[in-house]
Amino acid sequence: MAHIYGRPVSEVAQSGFGLAFIAYPAALSKLPISPLWSILFFFMLITLGLDSEFTLIEVITTCLQDAYPRILRPNRGPITVVICIILFLLGLPCVTGAGIYWVNLIDTFCAGWIILVAGLLEVFGLTFLYGGNRFIKDIEMMIGTKSTLFWIWWRACWFFITPAVLLVILVWSVYTFTAPTYGLVEYPQWGIALGWCMTAFCLMWIPIVAVWKIMKASGSFWQRLKLTSSPTEDWGPYLECHRTDRYVCKPIKDTNVFVTSNQNTTRL
């Protein structure tokens with residue numbers, strides 16, 4: 001394409017949305033049997049988007065079902081349909097005439113930093129709050145095998161490599177941040193302010209929920225902090241038949257203590 005147009009490669013194919021929706025389709029149109037390659041290319045894009053949406057929808061539905069298990073778990077299908085409809089309606093502005101500008105704004109302020117911050121907090125919570133070694137025992141319980149040498153690499157990733165890499169990328173992305181543009185169009189100040197508001201709206205729930213959980217707990221501040229940073233008593237596998245060993249559920253009700261295992265329930 002650069003040879004045909006007589007321009008440098010950097011001007012023909014640039015990173016961003018134009019690469020997938022302008023440069024690649026134009027290049028595919030010049031190949032033999034171009035309709036076939038175009039169909040395969042856009043089919044790949046559709047499947048790429050769909051498998052990403054599967055995980056996003058699953059996260060939302062699982063969180064809602066865990067928060068309201070009695071009401072929502074029996075109605076998993078309708079809940080998933082309602083969530084898909086709501087997200088579909090929210091995405092309609094992105095397919096309007098100005099949709100590419102909205103997509104670029106959302107991609108700049110939401111797709112990068114929020115994922116990095118969330119990933120960094122997840123790794124921190126997994127390794128230092130829940131416990132990386134405890135998580136390894138959970139996986140060993142599920143897969144039924146143990147291997148000390150195999151987990152050395154994962155311990156190095158979870159405790160050192162992954163947090164360090166995520167932190168470096170986050171700091172560098174903030175340091176090198178520039179106001180978004182699309183082509184020769186520069187975003188107005190209210191558009192950039194709206195982007196920062198979207199970033200703040202997505203991230204503010206993490207400290208809000210953390211403070212709310214600490215306030216709901218009982219005891220001194222350090223007791224509340226320790227309690228909210230530890231797994232609850234009923235934490236463990238979803239099915240009762242898997243709640244063995246250290247995951248035996250021991251809820252206390254009044255003066256009676258019930259010990260639940262995969263065999264039976266005993267009143268002490």
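Residues numbered from 1 in each chain as written. Predicted model: local features only at pLDDT ≥ 70, side-chain atom pairs only at ≥ 80, totals over all residues. Heavy atoms only, no water.

### Concerning the packing of aromatic side chains
Point 1. Summed over all chains, the structure comprises 16 aromatic pairs.
Point 2. Between Trp172 and Tyr175 the ring centres are 5.9 Å apart and the planes differ by 40°, which places this aromatic pair in the tilted class. Separated by three residues within a single helix, Trp172 and Tyr175 lie in helix α9 (residues 148-175), roughly one turn from each other.
Point 3. The exposure class assigned to Tyr175 is exposed, which follows from its relative accessible area of 67%.
Point 4. Ring pairing ties together the aromatic residues Phe109, Trp113, Phe177 and Trp196, which thus form one cluster.
Point 5. Above the plane of the ring of Tyr130 lies Arg134, whose end atom (NZ or CZ) is 5.2 Å from the centre. (Phe/Tyr/Trp six-rings, centres within 6.5 Å; stacked < 30°, edge-to-face > 60°. Helix = DSSP H or I, 4+ residues; strand = E, 2+ residues; numbered from the N terminus. Buried < 20%, exposed > 50% of the residue type's maximum accessible area, 1.4 Å probe, protein only. Lys NZ or Arg CZ within 6 Å of the ring centre and 35° of its normal.)

### What about the packing of helix α4 (residues 34-67) against helix α6 (residues 76-91)?
The geometry of a pair of packed helices is captured by two quantities: the angle between their axes and the separation between those axes.
Point 1. Between α4 and α6, the shortest axis-to-axis distance is 10 Å and the interhelical angle comes to 125°. Considering the angle they form, α4 stands oblique to α6. The crossing of α4 and α6 is right-handed. Contacts between α4 and α6 involve Ile57, Glu58, Ile60, Thr61, Leu64 and Gln65 on the former and, on the latter, Arg76, Thr80, Ile83, Cys84 and Leu87.
Point 2. For the contact of α4 with α6, a count of residues per class yields six nonpolar, three polar and two charged. (Axes fitted to C-alpha atoms, helices over the stretch in contact; angles between N-to-C directions. Parallel < 35°, antiparallel > 145°, perpendicular 65-115°, else oblique. Left-handed = near helix turned anticlockwise from the far one by under 90°. Contact = heavy atoms within 4.5 Å. Nonpolar A, V, L, I, M, F, W, Y, C, P; charged D, E, K, R; others polar.)

### Concerning the UniProt feature "transmembrane region" (unreviewed entry) in the protein chain
Point 1. The UniProt entry lists residues 12-33, 39-60, 81-103, 109-131, 152-175 and 187-212 under the feature "transmembrane region" (unreviewed entry), expressed in the numbering used here.
Point 2. The straight-line gap between the two end C-alpha atoms of residues 109-131 is 31 Å; of that span, 87% is helix and 0% is strand.
Point 3. Secondary structure across residues 152-175 comprises 100% helix and 0% strand; the distance between its end C-alpha atoms is 33 Å. (UniProt positions renumbered as here; feature names shortened; annotations may be inferred.)

### A few points about the packing of helix α10 (residues 189-203) against helix α11 (residues 205-216)
Point 1. Remark: α10 packs on α11, axes separated minimally by 5 Å, with the N-to-C direction vectors making an angle of 30°. With respect to their mutual orientation, α10 and α11 come out roughly parallel. Packed against α10, whose contacting residues are Phe201, Cys202 and Leu203, the element α11 presents Trp205, Ile206 and Pro207 at the interface.
Point 2. Looking at the contact of α10 with α11 residue by residue, the class counts come to six nonpolar, no polar and no charged.

### Examining a nonpolar patch on the surface
Point 1. Taken together, the side chains of Phe150, Trp153, Trp154, Phe160, Ile161, Val165 and Ile169 present a nonpolar region at the surface, about 720 Å² in accessible area.
Point 2. Along the chain, Val165 falls in helix α9. (Patch = residues over 30% accessible without salt bridge, like charges linked within 9 Å, V, L, I, M, F, W, Y side chains within 5 Å. Areas by Shrake-Rupley, 256 points an atom, 1.4 Å probe, with all protein chains shown as cover. Salt bridge = Lys/Arg side-chain N within 4 Å of Asp/Glu carboxyl O.)

### Remarks on the UniProt feature "binding site: Na(+)" (unreviewed entry) in the protein chain
Point 1. On the UniProt side, "binding site: Na(+)" (unreviewed entry) is annotated at positions that read Leu48, Asp51 and Ser52 here.
Point 2. Mapped onto the elements of the fold, Leu48 is located in helix α4.
Point 3. Position of Ser52 relative to the elements: it lies in helix α4.

### Structural notes on the environment of Phe128
Point 1. Locating Phe128 in the fold gives a position in helix α8 (residues 113-143).
Point 2. For Phe128, a relative accessible area of 48% puts it in the partly exposed group.

### As for the nonpolar core
Point 1. Counting seven residues, the largest nonpolar core is built from Leu105, Phe109, Cys110, Ile114, Tyr187, Ile192 and Met198.
Point 2. Elements with a minimum of two residues in this core: α7 (99-109) and α10.
Point 3. Not counting residues up to four positions away in its chain, the partners in contact with Phe109 are Ile114, Phe177, Pro180, Ile192, Gly195, Trp196 and Thr199. (Core = buried A, V, L, I, M, F, W, Y, C linked by side-chain atoms within 4.5 Å.)

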